[in-house]
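Letter by letter, the chains look like this.
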Amino acid sequence: MTKILEFQHISKSFPGVKALDDVSVDLNAGEVHVIVGENGAGKSTLMKLLSGAYTADGGQMLLEGKPILHNNPQLSEQLGIAMIYQELTIVPELSVANNIFLGHEIRWGIFLDRKSMEARTEELLTSIGVNVSPRTLVKNLSIANQQMIEIIKALSKNAKIIVFDEPTSSLTNTEIGELFRIIAALKAKGVGMFYISHRLEEIFEIGDRVTIMRDGRKITTSNIANSTLDQIVEGIAGRRIDKVYTRTYLEKGDVALAINNLCGERFKNINIEVRAGEIVGLAGLVGSGRSEVARAAYGIDPYSQGEVFVKGEKIPKATPQRMSAKGVAFLPENRKREGLALSLPIRENAVVSALQWLNPGGVIRRHKERKLVQSFVDSLGISTPTIEKLTNFLSGGTQQKVVLAKWLVTQAHTFIFDEPTRGIDVGSKTSIYSLMDELVGRGAGILMISSELPEVLGMSDRIYIMAQGRIAGELTKDEADQMKIIQLAFSQSETTGEKGGAA
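Residues numbered from 1 in each chain as written. Predicted model: local features only at pLDDT ≥ 70, side-chain atom pairs only at ≥ 80, totals over all residues. Heavy atoms only, no water.

1. Quick look at the pairing of strand 6 (residues 81-84)
By the alternation rule, side chains of strand 6 split into Ile81 and Met83 and Ala82 and Ile84, which are all buried. In this structure, strand 6 lies alongside strand 9 (residues 161-165), joined through four bridges in parallel fashion. Looking at strand 9, one finds that Met83 is bridged to Val163. (Buried < 20%, exposed > 50% of the residue type's maximum accessible area, 1.4 Å probe, protein only. Helix = DSSP H or I, 4+ residues; strand = E, 2+ residues; numbered from the N terminus. Pairing = 2+ DSSP bridges.)

2. Remarks on a nonpolar patch on the surface
Taken together, Trp108, Ile110 and Phe111 make up a surface patch of nonpolar side chains, about 460 Å² in accessible area. Position of Ile110 among the secondary structure elements: in the loop between strand 7 (107-108) and strand 8 (111-112). Among the residues examined, Ile110 registers a relative accessible area of 70% and is labelled exposed. (Patch = residues over 30% accessible without salt bridge, like charges linked within 9 Å, V, L, I, M, F, W, Y side chains within 5 Å. Areas by Shrake-Rupley, 256 points an atom, 1.4 Å probe, with all protein chains shown as cover. Salt bridge = Lys/Arg side-chain N within 4 Å of Asp/Glu carboxyl O.)

3. A closer look at the sheet that holds strand 4 (residues 58-63)
If you trace the four strands from one edge of the open sheet to the other, you get 2-1-4-5, paired in antiparallel fashion. A single partner strand is all that each edge strand has here, and the edge strands are strand 2 (17-28) and strand 5 (66-67). Bridge count for strand 4 against strand 5 is two bridges, and the pairing is antiparallel. By the bridge assignment, Leu62 is partnered in strand 5 with Pro67. Lying over the sheet, helix 1 (residues 43-51) contacts strand 1 (3-14), strand 2 and strand 4, oriented at roughly 115° with respect to strand 1. (Contact = heavy atoms within 4.5 Å. Axes fitted to C-alpha atoms, helices over the stretch in contact; angles between N-to-C directions.)

4. Here's the deal with the environment of Lys12
Checked against the element boundaries, Lys12 lands in strand 1. For the pair Lys12 and Leu49, spaced 37 residues apart in sequence, the C-alpha separation works out to 9.1 Å. For Lys12, the contacting residues outside a window of four places in its chain are Lys18, Ala19, Leu20, Thr45, Tyr54, Thr55, Ala56 and Asp57.

5. Observations concerning the packing of aromatic side chains
Scanning the model with the defined rule gives six aromatic pairs in all. Just above the ring of Tyr303 sits the side chain of Lys317; from NZ or CZ to the centre is 4.3 Å. Here the guanidinium or amino end of Lys477 rests over the ring plane of Tyr249, the centre of that ring lying 4.6 Å away. (Phe/Tyr/Trp six-rings, centres within 6.5 Å; stacked < 30°, edge-to-face > 60°. Lys NZ or Arg CZ within 6 Å of the ring centre and 35° of its normal.)

6. Observations concerning the pairing of strand 4
By the bridge criterion, five bridges tie strand 1 to strand 4 in an arrangement that is antiparallel. From the neighbouring strand, Ser11 faces strand 4, where its bridge partner is Gly58. The antiparallel pairing of strand 4 with strand 5 creates a hairpin that spans two residues between the two strands, and Glu64 there sits at a positive phi of about 50°.

7. What about the pattern of salt bridges?
Summed over all chains, the structure comprises 31 salt bridges. A salt bridge links Asp21 to Arg217, with the shortest nitrogen-to-oxygen separation between them at 3.0 Å. Of this pair, Asp21 sits in strand 2 while Arg217 sits in strand 12 (residues 217-223), placing them 196 residues apart in sequence. The partner of Arg295 in a salt bridge is Asp301, and the shortest N-O contact between them spans 2.8 Å. The buried category is assigned to Arg295, whose relative accessible area is 18%.

8. Some remarks on the sheet that holds strand 3 (residues 32-37)
Whenever strands of a sheet pair, they do so through backbone hydrogen bonds, lying parallel or antiparallel. Judged by pairing direction, the sheet is mixed, and its six strands sit side by side in the order 6-9-10-3-11-12 without closing on themselves. Each having just a single partner strand, strand 6 and strand 12 make up the two edges of the open sheet. Averaged over all neighbouring strand pairs, the angle between strand axes comes to 20°, with direction disregarded. Across five bridges, strand 3 lies against strand 11 (residues 209-214) in parallel orientation. Across the sheet, Val34 pairs through a bridge with Val210, a residue of strand 11. Most of the contacts of helix 5 (residues 143-156) go to strand 6, to which it runs at about 175°, and overall it touches strand 6 and strand 9.

9. A short note on the nonpolar core
Grouped together as the largest cluster of nonpolar side chains are 62 residues, with contacts concentrated most on Leu262, Ile272, Met323, Leu404, Phe415, Met436 and Ile446. With near-sequence residues (within four places) excluded, Leu404 lies in contact with Leu331, Leu380, Phe415, Phe417, Leu435 and Leu439. Judged by nonpolar contacts, the second largest core, of 47 residues, contains Ile84, Ile90, Leu141 and Ile224. (Core = buried A, V, L, I, M, F, W, Y, C linked by side-chain atoms within 4.5 Å.)

10. Section: unusual backbone geometry
A positive phi angle, near 50°, is found at His70, a position not held by glycine. Of note, His70 is situated in the loop between strand 5 and helix 2 (73-78). Taking the relative accessible area as the measure of exposure, His70 reaches 74% and is therefore exposed. Phi at Asp215 is positive, roughly 55°, even though this residue is not glycine.

11. Focus on the environment of Pro385
Along the chain, the position of Pro385 falls in the loop between helix 14 (366-380) and helix 15 (396-408). On the accessibility criterion, Pro385 (76% relative accessible area) is exposed. On a C-alpha basis, the gap between Pro385 and Ser395 in space is 14 Å, while along the polypeptide they are 10 residues apart.

12. So, helix 9 (residues 290-298)
Every α-helical turn comprises 3.6 residues, leaving residues that sit three or four positions apart pointing alike. Most of helix 9 is tucked away: eight of the nine residues are buried. Among the residues trailing helix 9, Gly299 stands out with phi positive, at a value near 90°.

13. Describing the confidence of the model for the protein chain
Chain-level pLDDT for the protein chain is 86 on average; 92% of the residues reach the 70-or-more range. Between residues 493-503, whose pLDDT stays under 50, and residues either more than four places distant or in other chains, the model counts 38 contacts. (pLDDT = per-residue confidence, 0-100.)

14. Section: the side chain of Thr414
Among the structural elements, Thr414 can be located in strand 19 (residues 414-418). Residue class for Thr414 comes out buried when judged on its relative accessible area of 1%. In terms of polar contacts, Thr414 uses its side chain to reach the side chain of His413, at 2.7 Å. Contact partners of Thr414, with chain neighbours within four places excluded, come to Ala256, Leu257, Gly327, Val328, Ala329 and Gly445. (Polar contact = N/O pair within 3.5 Å; in protein donor to acceptor, adjacent residues only side chain to side chain.)

15. Looking at the side chain of Glu278
Its location among the elements puts Glu278 in the loop between strand 14 (267-275) and strand 15 (279-284). A distance of 2.8 Å separates a polar side-chain atom of Glu278 from the backbone nitrogen of Arg275. Beyond its immediate stretch of four places on either side in the chain, Glu278 contacts Lys252, Glu273, Val440, Ala444, Gly445, Ile446, Asp461 and Arg462.

Shown next, in the form of C-alpha coordinates:
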(Lines give C-alpha, C1' and ligand atoms only; values in the text may rest on other atoms or scores of the structure.)
Protein backbone atom coordinates (compact mmCIF):
# COMPACT_ATOMS: atom_id res chain seq x y z
CA MET A 1 0.00 0.00 0.00
CA THR A 2 1.03 3.60 -0.62
CA LYS A 3 1.54 5.67 2.51
CA ILE A 4 -0.33 8.98 2.14
CA LEU A 5 -0.13 10.48 5.62
CA GLU A 6 2.26 10.34 8.58
CA PHE A 7 2.03 11.80 12.07
CA GLN A 8 5.62 11.88 13.32
CA HIS A 9 6.31 12.32 17.07
CA ILE A 10 3.32 14.63 17.59
CA SER A 11 2.90 16.45 20.91
CA LYS A 12 0.14 18.79 22.03
CA SER A 13 -0.59 20.35 25.42
CA PHE A 14 -3.41 22.38 26.89
CA PRO A 15 -3.31 24.15 30.26
CA GLY A 16 -2.67 21.41 32.81
CA VAL A 17 -3.10 18.58 30.27
CA LYS A 18 -0.68 16.73 27.98
CA ALA A 19 -3.20 15.79 25.28
CA LEU A 20 -0.69 14.10 22.91
CA ASP A 21 2.73 12.78 23.85
CA ASP A 22 5.13 11.65 21.07
CA VAL A 23 2.43 10.08 18.85
CA SER A 24 3.41 8.51 15.52
CA VAL A 25 0.66 7.07 13.29
CA ASP A 26 0.37 6.65 9.52
CA LEU A 27 -2.37 6.06 6.94
CA ASN A 28 -2.25 4.18 3.64
CA ALA A 29 -4.27 4.89 0.52
CA GLY A 30 -7.33 2.65 0.30
CA GLU A 31 -7.36 1.57 3.94
CA VAL A 32 -9.53 2.13 7.01
CA HIS A 33 -7.30 2.86 9.98
CA VAL A 34 -9.37 2.65 13.17
CA ILE A 35 -8.33 4.83 16.12
CA VAL A 36 -9.69 3.66 19.49
CA GLY A 37 -9.25 4.75 23.08
CA GLU A 38 -11.11 6.03 26.09
CA ASN A 39 -12.56 9.54 26.11
CA GLY A 40 -9.62 11.86 26.68
CA ALA A 41 -7.12 9.43 25.11
CA GLY A 42 -6.18 11.97 22.41
CA LYS A 43 -8.05 10.61 19.38
CA SER A 44 -10.03 13.75 18.59
CA THR A 45 -7.08 16.03 19.35
CA LEU A 46 -4.97 14.14 16.80
CA MET A 47 -7.68 14.49 14.16
CA LYS A 48 -8.14 18.20 14.93
CA LEU A 49 -4.44 18.68 14.20
CA LEU A 50 -5.04 17.04 10.84
CA SER A 51 -8.04 19.29 10.14
CA GLY A 52 -6.07 22.41 11.06
CA ALA A 53 -8.27 23.27 14.04
CA TYR A 54 -5.25 22.84 16.37
CA THR A 55 -1.53 23.39 15.90
CA ALA A 56 0.95 20.82 17.23
CA ASP A 57 3.53 21.83 19.85
CA GLY A 58 6.03 19.33 18.47
CA GLY A 59 6.52 16.81 15.68
CA GLN A 60 5.27 17.06 12.11
CA MET A 61 2.66 15.78 9.67
CA LEU A 62 3.64 14.53 6.20
CA LEU A 63 1.19 14.32 3.30
CA GLU A 64 2.54 12.10 0.52
CA GLY A 65 6.02 12.60 1.97
CA LYS A 66 5.87 16.40 2.16
CA PRO A 67 5.54 18.32 5.46
CA ILE A 68 2.24 20.14 6.08
CA LEU A 69 3.33 23.62 7.16
CA HIS A 70 1.18 26.23 8.93
CA ASN A 71 -1.91 24.05 8.73
CA ASN A 72 -5.38 25.58 9.07
CA PRO A 73 -8.89 24.40 8.11
CA GLN A 74 -8.76 26.06 4.67
CA LEU A 75 -5.35 24.57 3.84
CA SER A 76 -6.38 21.16 5.13
CA GLU A 77 -9.40 21.19 2.82
CA GLN A 78 -7.25 22.28 -0.14
CA LEU A 79 -4.89 19.38 0.58
CA GLY A 80 -7.75 16.91 0.25
CA ILE A 81 -8.48 16.23 3.92
CA ALA A 82 -12.14 16.00 4.94
CA MET A 83 -13.82 15.52 8.33
CA ILE A 84 -17.18 13.76 8.80
CA TYR A 85 -18.23 14.72 12.30
CA GLN A 86 -20.89 13.12 14.48
CA GLU A 87 -22.76 16.44 14.32
CA LEU A 88 -23.32 17.15 10.63
CA THR A 89 -22.44 20.51 9.06
CA ILE A 90 -24.98 20.58 6.26
CA VAL A 91 -27.59 23.32 5.65
CA PRO A 92 -31.05 21.68 5.90
CA GLU A 93 -32.89 24.31 3.84
CA LEU A 94 -30.62 23.90 0.79
CA SER A 95 -30.78 21.20 -1.87
CA VAL A 96 -28.36 18.29 -2.03
CA ALA A 97 -26.44 19.91 -4.91
CA ASN A 98 -26.24 23.30 -3.19
CA ASN A 99 -24.93 21.67 0.00
CA ILE A 100 -22.29 19.72 -1.86
CA PHE A 101 -20.96 22.79 -3.68
CA LEU A 102 -21.47 25.26 -0.84
CA GLY A 103 -18.41 27.51 -0.74
CA HIS A 104 -17.02 26.26 -4.06
CA GLU A 105 -19.97 26.76 -6.39
CA ILE A 106 -19.69 26.26 -10.15
CA ARG A 107 -20.46 29.54 -11.89
CA TRP A 108 -21.26 30.70 -15.39
CA GLY A 109 -20.02 34.26 -15.30
CA ILE A 110 -21.56 35.87 -12.25
CA PHE A 111 -24.44 33.37 -12.15
CA LEU A 112 -24.59 29.99 -10.41
CA ASP A 113 -24.42 27.15 -12.92
CA ARG A 114 -27.09 25.01 -11.25
CA LYS A 115 -27.31 22.59 -14.16
CA SER A 116 -23.58 21.77 -13.96
CA MET A 117 -23.68 21.43 -10.16
CA GLU A 118 -26.67 19.10 -10.33
CA ALA A 119 -25.06 17.02 -13.11
CA ARG A 120 -21.81 16.70 -11.14
CA THR A 121 -23.78 15.84 -7.99
CA GLU A 122 -25.63 13.14 -9.93
CA GLU A 123 -22.28 11.66 -11.00
CA LEU A 124 -20.97 11.64 -7.43
CA LEU A 125 -24.17 10.12 -6.07
CA THR A 126 -24.11 7.41 -8.71
CA SER A 127 -20.42 6.67 -8.13
CA ILE A 128 -21.09 5.46 -4.60
CA GLY A 129 -24.58 4.08 -5.25
CA VAL A 130 -26.74 6.66 -3.45
CA ASN A 131 -30.21 7.02 -4.95
CA VAL A 132 -31.12 10.63 -4.10
CA SER A 133 -32.12 13.51 -6.38
CA PRO A 134 -29.67 16.45 -6.44
CA ARG A 135 -32.69 18.79 -6.14
CA THR A 136 -34.02 17.26 -2.90
CA LEU A 137 -33.89 19.53 0.14
CA VAL A 138 -31.50 18.02 2.68
CA LYS A 139 -34.00 18.50 5.53
CA ASN A 140 -36.20 15.89 3.84
CA LEU A 141 -33.49 13.21 3.93
CA SER A 142 -32.88 10.61 6.64
CA ILE A 143 -29.91 11.09 8.98
CA ALA A 144 -28.08 8.36 7.09
CA ASN A 145 -28.57 10.06 3.72
CA GLN A 146 -27.59 13.42 5.22
CA GLN A 147 -24.36 11.76 6.27
CA MET A 148 -23.90 10.46 2.73
CA ILE A 149 -24.18 14.06 1.52
CA GLU A 150 -21.30 15.00 3.83
CA ILE A 151 -19.22 12.21 2.26
CA ILE A 152 -20.09 13.29 -1.28
CA LYS A 153 -19.24 16.89 -0.35
CA ALA A 154 -15.77 15.61 0.57
CA LEU A 155 -15.48 13.74 -2.75
CA SER A 156 -16.50 16.88 -4.67
CA LYS A 157 -13.36 18.50 -3.25
CA ASN A 158 -11.23 15.53 -4.35
CA ALA A 159 -10.61 14.33 -0.79
CA LYS A 160 -7.71 11.90 -0.42
CA ILE A 161 -8.27 11.42 3.30
CA ILE A 162 -11.58 11.25 5.18
CA VAL A 163 -11.92 11.17 8.96
CA PHE A 164 -15.07 9.56 10.38
CA ASP A 165 -15.73 10.58 14.00
CA GLU A 166 -18.41 8.37 15.62
CA PRO A 167 -20.35 8.11 12.31
CA THR A 168 -22.81 5.41 13.43
CA SER A 169 -23.99 6.84 16.76
CA SER A 170 -27.34 8.02 15.32
CA LEU A 171 -27.85 5.36 12.65
CA THR A 172 -30.02 2.25 12.58
CA ASN A 173 -28.52 -1.15 11.77
CA THR A 174 -29.79 -0.91 8.19
CA GLU A 175 -28.23 2.54 7.77
CA ILE A 176 -24.95 1.36 9.30
CA GLY A 177 -24.81 -1.38 6.70
CA GLU A 178 -25.29 1.22 3.97
CA LEU A 179 -22.53 3.41 5.43
CA PHE A 180 -20.15 0.46 5.48
CA ARG A 181 -20.98 -0.24 1.82
CA ILE A 182 -20.04 3.37 1.00
CA ILE A 183 -16.80 3.07 2.97
CA ALA A 184 -15.91 -0.07 0.99
CA ALA A 185 -16.54 1.86 -2.25
CA LEU A 186 -14.26 4.67 -1.02
CA LYS A 187 -11.52 2.14 -0.23
CA ALA A 188 -11.78 0.81 -3.78
CA LYS A 189 -11.23 4.39 -5.03
CA GLY A 190 -8.00 4.64 -3.01
CA VAL A 191 -9.33 7.02 -0.34
CA GLY A 192 -7.57 6.64 3.02
CA MET A 193 -9.81 6.83 6.08
CA PHE A 194 -9.38 7.28 9.81
CA TYR A 195 -12.34 5.83 11.69
CA ILE A 196 -13.11 6.66 15.34
CA SER A 197 -15.79 4.67 17.17
CA HIS A 198 -16.64 3.35 20.62
CA ARG A 199 -18.60 0.50 19.03
CA LEU A 200 -15.73 -1.94 18.96
CA GLU A 201 -17.63 -4.69 17.13
CA GLU A 202 -17.73 -2.40 14.06
CA ILE A 203 -13.99 -2.26 13.59
CA PHE A 204 -13.71 -5.94 12.71
CA GLU A 205 -16.21 -5.43 9.91
CA ILE A 206 -14.59 -2.46 8.16
CA GLY A 207 -11.11 -1.86 9.59
CA ASP A 208 -7.71 -2.82 8.20
CA ARG A 209 -5.49 -1.61 11.05
CA VAL A 210 -6.24 -0.44 14.57
CA THR A 211 -4.29 2.00 16.73
CA ILE A 212 -4.98 2.02 20.46
CA MET A 213 -4.42 5.29 22.32
CA ARG A 214 -4.36 5.90 26.05
CA ASP A 215 -3.63 9.05 28.06
CA GLY A 216 -2.34 10.90 24.99
CA ARG A 217 0.05 8.15 23.91
CA LYS A 218 -0.04 5.55 21.17
CA ILE A 219 -0.07 2.13 22.82
CA THR A 220 0.07 -0.08 19.74
CA THR A 221 -0.84 -0.37 16.05
CA SER A 222 -1.75 -3.79 14.65
CA ASN A 223 -3.56 -5.47 11.78
CA ILE A 224 -7.20 -6.07 12.72
CA ALA A 225 -7.01 -9.56 11.20
CA ASN A 226 -4.48 -10.44 13.91
CA SER A 227 -6.38 -8.78 16.78
CA THR A 228 -9.10 -9.96 19.15
CA LEU A 229 -11.80 -7.94 20.89
CA ASP A 230 -10.35 -8.85 24.31
CA GLN A 231 -6.91 -7.57 23.28
CA ILE A 232 -8.36 -4.27 22.06
CA VAL A 233 -10.53 -3.79 25.17
CA GLU A 234 -7.59 -4.48 27.49
CA GLY A 235 -5.37 -2.14 25.46
CA ILE A 236 -7.91 0.67 25.68
CA ALA A 237 -8.57 0.25 29.40
CA GLY A 238 -4.97 -0.49 30.40
CA ARG A 239 -6.19 -3.41 32.45
CA ARG A 240 -7.93 -6.73 32.06
CA ILE A 241 -11.72 -6.39 32.02
CA ASP A 242 -13.16 -9.76 32.95
CA LYS A 243 -16.74 -8.59 33.18
CA VAL A 244 -18.18 -5.66 31.25
CA TYR A 245 -21.69 -5.90 32.70
CA THR A 246 -21.83 -5.80 36.50
CA ARG A 247 -25.07 -7.04 38.05
CA THR A 248 -25.99 -8.41 41.44
CA TYR A 249 -29.59 -9.63 41.28
CA LEU A 250 -31.44 -9.05 44.54
CA GLU A 251 -34.97 -9.49 45.84
CA LYS A 252 -37.18 -6.73 44.47
CA GLY A 253 -38.91 -4.18 46.66
CA ASP A 254 -42.07 -2.14 46.26
CA VAL A 255 -43.03 -0.37 43.04
CA ALA A 256 -40.93 2.80 42.79
CA LEU A 257 -42.31 4.11 39.48
CA ALA A 258 -45.52 3.15 37.70
CA ILE A 259 -46.64 4.43 34.30
CA ASN A 260 -50.30 3.57 33.66
CA ASN A 261 -52.05 3.83 30.28
CA LEU A 262 -49.88 6.79 29.25
CA CYS A 263 -50.76 8.26 25.86
CA GLY A 264 -48.99 10.95 23.87
CA GLU A 265 -48.32 12.12 20.34
CA ARG A 266 -46.04 9.17 19.49
CA PHE A 267 -47.13 6.49 21.97
CA LYS A 268 -50.33 4.93 23.29
CA ASN A 269 -51.47 2.95 26.34
CA ILE A 270 -48.03 2.51 27.88
CA ASN A 271 -47.88 0.49 31.10
CA ILE A 272 -44.48 0.13 32.80
CA GLU A 273 -43.55 -0.78 36.36
CA VAL A 274 -40.15 -0.30 38.00
CA ARG A 275 -39.52 -1.79 41.44
CA ALA A 276 -36.91 -0.84 44.01
CA GLY A 277 -33.77 -2.93 43.50
CA GLU A 278 -34.19 -3.64 39.79
CA ILE A 279 -33.11 -2.31 36.42
CA VAL A 280 -35.89 -2.35 33.81
CA GLY A 281 -34.77 -2.10 30.19
CA LEU A 282 -36.82 -0.29 27.55
CA ALA A 283 -35.86 -1.48 24.06
CA GLY A 284 -37.19 -1.09 20.52
CA LEU A 285 -36.43 0.29 17.10
CA VAL A 286 -35.17 3.82 16.60
CA GLY A 287 -38.36 5.91 16.44
CA SER A 288 -40.47 3.42 18.42
CA GLY A 289 -41.25 6.03 21.08
CA ARG A 290 -38.95 4.91 23.91
CA SER A 291 -37.46 8.31 24.76
CA GLU A 292 -40.80 10.04 24.24
CA VAL A 293 -42.41 7.84 26.90
CA ALA A 294 -39.64 8.55 29.41
CA ARG A 295 -39.71 12.29 28.77
CA ALA A 296 -43.49 12.40 29.15
CA ALA A 297 -43.44 10.34 32.34
CA TYR A 298 -40.95 12.78 33.82
CA GLY A 299 -43.04 15.74 32.69
CA ILE A 300 -40.59 17.17 30.16
CA ASP A 301 -43.04 16.64 27.28
CA PRO A 302 -46.85 16.64 27.55
CA TYR A 303 -49.05 13.55 27.56
CA SER A 304 -52.74 13.49 26.68
CA GLN A 305 -53.92 10.90 29.18
CA GLY A 306 -52.71 8.33 31.68
CA GLU A 307 -51.20 8.38 35.16
CA VAL A 308 -47.75 8.41 36.75
CA PHE A 309 -47.20 7.08 40.28
CA VAL A 310 -44.08 7.44 42.45
CA LYS A 311 -43.95 5.01 45.38
CA GLY A 312 -47.69 4.56 45.10
CA GLU A 313 -48.47 8.28 45.08
CA LYS A 314 -50.21 9.66 42.02
CA ILE A 315 -48.41 12.64 40.48
CA PRO A 316 -51.02 14.98 38.99
CA LYS A 317 -49.73 16.01 35.56
CA ALA A 318 -46.07 15.20 36.07
CA THR A 319 -43.52 18.02 35.74
CA PRO A 320 -39.75 17.80 36.21
CA GLN A 321 -40.07 19.89 39.40
CA ARG A 322 -42.70 17.56 40.89
CA MET A 323 -40.85 14.40 39.88
CA SER A 324 -37.54 15.69 41.23
CA ALA A 325 -39.20 16.67 44.51
CA LYS A 326 -40.53 13.11 44.80
CA GLY A 327 -37.04 11.63 44.36
CA VAL A 328 -37.05 10.76 40.65
CA ALA A 329 -34.01 11.64 38.52
CA PHE A 330 -33.83 11.89 34.73
CA LEU A 331 -30.49 11.48 32.91
CA PRO A 332 -31.18 12.64 29.32
CA GLU A 333 -29.81 11.16 26.12
CA ASN A 334 -28.25 14.50 25.15
CA ARG A 335 -26.34 15.24 28.35
CA LYS A 336 -24.53 18.25 26.84
CA ARG A 337 -27.72 20.05 25.81
CA GLU A 338 -30.14 18.94 28.51
CA GLY A 339 -28.15 17.55 31.43
CA LEU A 340 -25.32 20.03 32.00
CA ALA A 341 -24.41 23.69 31.93
CA LEU A 342 -21.12 23.25 30.10
CA SER A 343 -19.85 26.74 30.93
CA LEU A 344 -20.11 26.04 34.67
CA PRO A 345 -17.69 24.04 36.82
CA ILE A 346 -18.31 20.52 38.13
CA ARG A 347 -19.29 21.85 41.56
CA GLU A 348 -22.06 24.13 40.29
CA ASN A 349 -23.45 21.45 37.95
CA ALA A 350 -23.49 18.90 40.76
CA VAL A 351 -25.46 21.06 43.21
CA VAL A 352 -27.87 22.80 40.84
CA SER A 353 -30.74 20.37 41.56
CA ALA A 354 -30.27 20.53 45.34
CA LEU A 355 -29.71 24.22 46.08
CA GLN A 356 -32.73 24.59 48.35
CA TRP A 357 -31.85 21.48 50.35
CA LEU A 358 -28.17 22.43 50.64
CA ASN A 359 -28.78 26.09 51.39
CA PRO A 360 -31.94 26.45 53.54
CA GLY A 361 -33.04 30.01 53.96
CA GLY A 362 -31.21 31.05 50.82
CA VAL A 363 -27.84 31.27 52.60
CA ILE A 364 -25.10 29.82 50.35
CA ARG A 365 -22.98 27.31 52.28
CA ARG A 366 -20.03 26.98 49.91
CA HIS A 367 -17.96 24.81 52.27
CA LYS A 368 -20.82 22.33 52.59
CA GLU A 369 -21.24 22.28 48.79
CA ARG A 370 -17.56 21.62 48.18
CA LYS A 371 -17.37 18.86 50.78
CA LEU A 372 -20.44 17.06 49.41
CA VAL A 373 -19.45 17.40 45.74
CA GLN A 374 -15.90 16.22 46.46
CA SER A 375 -17.31 13.12 48.18
CA PHE A 376 -19.29 12.22 45.04
CA VAL A 377 -16.34 13.05 42.76
CA ASP A 378 -14.27 10.57 44.78
CA SER A 379 -16.94 7.84 44.98
CA LEU A 380 -17.82 8.08 41.28
CA GLY A 381 -14.19 8.14 40.18
CA ILE A 382 -14.57 11.45 38.34
CA SER A 383 -11.17 12.22 36.84
CA THR A 384 -10.45 15.91 37.52
CA PRO A 385 -7.73 17.90 39.28
CA THR A 386 -10.37 20.13 40.88
CA ILE A 387 -14.16 20.34 41.24
CA GLU A 388 -13.89 23.88 39.83
CA LYS A 389 -12.89 22.54 36.39
CA LEU A 390 -15.32 23.63 33.65
CA THR A 391 -17.59 20.77 32.58
CA ASN A 392 -17.03 21.57 28.90
CA PHE A 393 -13.44 20.29 29.16
CA LEU A 394 -14.41 16.86 30.52
CA SER A 395 -14.63 13.69 28.46
CA GLY A 396 -18.03 12.24 27.57
CA GLY A 397 -17.82 9.52 30.22
CA THR A 398 -16.81 12.01 32.89
CA GLN A 399 -19.65 14.36 31.89
CA GLN A 400 -22.09 11.47 32.32
CA LYS A 401 -20.75 10.89 35.83
CA VAL A 402 -21.25 14.58 36.66
CA VAL A 403 -24.91 14.29 35.54
CA LEU A 404 -25.22 11.28 37.84
CA ALA A 405 -23.56 13.17 40.70
CA LYS A 406 -26.08 15.98 40.22
CA TRP A 407 -28.91 13.58 41.01
CA LEU A 408 -27.12 11.64 43.75
CA VAL A 409 -26.70 14.91 45.60
CA THR A 410 -30.53 15.18 45.68
CA GLN A 411 -30.74 11.70 47.27
CA ALA A 412 -32.97 10.45 44.42
CA HIS A 413 -34.36 6.90 44.76
CA THR A 414 -35.59 6.30 41.19
CA PHE A 415 -33.58 6.94 38.03
CA ILE A 416 -34.51 7.17 34.35
CA PHE A 417 -31.40 6.64 32.20
CA ASP A 418 -31.85 7.51 28.52
CA GLU A 419 -28.91 6.00 26.58
CA PRO A 420 -26.60 5.98 29.63
CA THR A 421 -23.44 5.01 27.72
CA ARG A 422 -23.91 6.58 24.27
CA GLY A 423 -20.56 7.95 23.04
CA ILE A 424 -18.70 6.60 26.08
CA ASP A 425 -15.58 4.43 25.95
CA VAL A 426 -15.47 0.86 27.23
CA GLY A 427 -13.67 1.74 30.46
CA SER A 428 -16.22 4.39 31.39
CA LYS A 429 -19.05 2.06 30.38
CA THR A 430 -17.97 -0.57 32.89
CA SER A 431 -17.74 2.15 35.53
CA ILE A 432 -21.28 3.39 34.76
CA TYR A 433 -22.60 -0.19 34.88
CA SER A 434 -20.98 -0.73 38.29
CA LEU A 435 -22.56 2.50 39.56
CA MET A 436 -25.99 1.44 38.31
CA ASP A 437 -25.61 -1.93 40.03
CA GLU A 438 -24.55 -0.18 43.23
CA LEU A 439 -27.62 2.09 43.05
CA VAL A 440 -30.09 -0.79 42.77
CA GLY A 441 -28.13 -2.58 45.49
CA ARG A 442 -29.03 0.34 47.77
CA GLY A 443 -32.70 -0.04 46.85
CA ALA A 444 -33.00 2.37 43.91
CA GLY A 445 -35.12 1.56 40.87
CA ILE A 446 -33.82 2.25 37.34
CA LEU A 447 -35.62 2.54 34.00
CA MET A 448 -32.93 2.24 31.30
CA ILE A 449 -33.50 3.12 27.65
CA SER A 450 -30.78 1.79 25.38
CA SER A 451 -30.12 1.22 21.68
CA GLU A 452 -27.45 -1.40 22.44
CA LEU A 453 -28.91 -4.89 22.74
CA PRO A 454 -25.93 -6.34 24.66
CA GLU A 455 -26.35 -3.53 27.21
CA VAL A 456 -30.08 -4.19 27.59
CA LEU A 457 -29.52 -7.94 27.98
CA GLY A 458 -26.50 -7.55 30.25
CA MET A 459 -28.01 -5.09 32.72
CA SER A 460 -31.79 -5.63 32.88
CA ASP A 461 -33.90 -7.65 35.32
CA ARG A 462 -36.87 -7.23 32.98
CA ILE A 463 -37.20 -5.76 29.48
CA TYR A 464 -40.15 -3.98 27.87
CA ILE A 465 -39.98 -3.87 24.06
CA MET A 466 -41.70 -1.06 22.18
CA ALA A 467 -42.91 -1.09 18.57
CA GLN A 468 -44.76 1.73 16.83
CA GLY A 469 -45.48 3.59 20.05
CA ARG A 470 -46.86 0.59 21.95
CA ILE A 471 -45.51 -2.05 24.32
CA ALA A 472 -45.06 -5.11 22.12
CA GLY A 473 -43.95 -7.42 24.92
CA GLU A 474 -42.19 -7.92 28.24
CA LEU A 475 -39.39 -10.41 28.92
CA THR A 476 -37.57 -11.44 32.08
CA LYS A 477 -33.77 -11.69 32.02
CA ASP A 478 -34.10 -15.48 31.79
CA GLU A 479 -36.51 -15.32 28.85
CA ALA A 480 -34.74 -12.59 26.86
CA ASP A 481 -32.32 -13.01 23.98
CA GLN A 482 -31.46 -10.87 20.96
CA MET A 483 -33.75 -12.73 18.55
CA LYS A 484 -36.83 -12.43 20.79
CA ILE A 485 -36.26 -8.71 21.30
CA ILE A 486 -35.76 -8.08 17.58
CA GLN A 487 -38.89 -10.08 16.69
CA LEU A 488 -40.98 -8.08 19.16
CA ALA A 489 -39.43 -4.78 18.04
CA PHE A 490 -40.48 -5.51 14.44
CA SER A 491 -43.82 -7.09 15.37
CA GLN A 492 -45.95 -4.00 14.75
CA SER A 493 -43.74 -2.03 12.36
CA GLU A 494 -43.63 -4.15 9.20
CA THR A 495 -46.79 -2.63 7.70
CA THR A 496 -45.36 0.88 7.92
CA GLY A 497 -42.04 0.04 6.33
CA GLU A 498 -40.11 1.45 9.29
CA LYS A 499 -36.52 0.36 9.13
CA GLY A 500 -33.92 0.28 11.81
CA GLY A 501 -31.88 -1.63 14.34
CA ALA A 502 -33.55 -3.01 17.42
CA ALA A 503 -32.90 -1.69 20.88
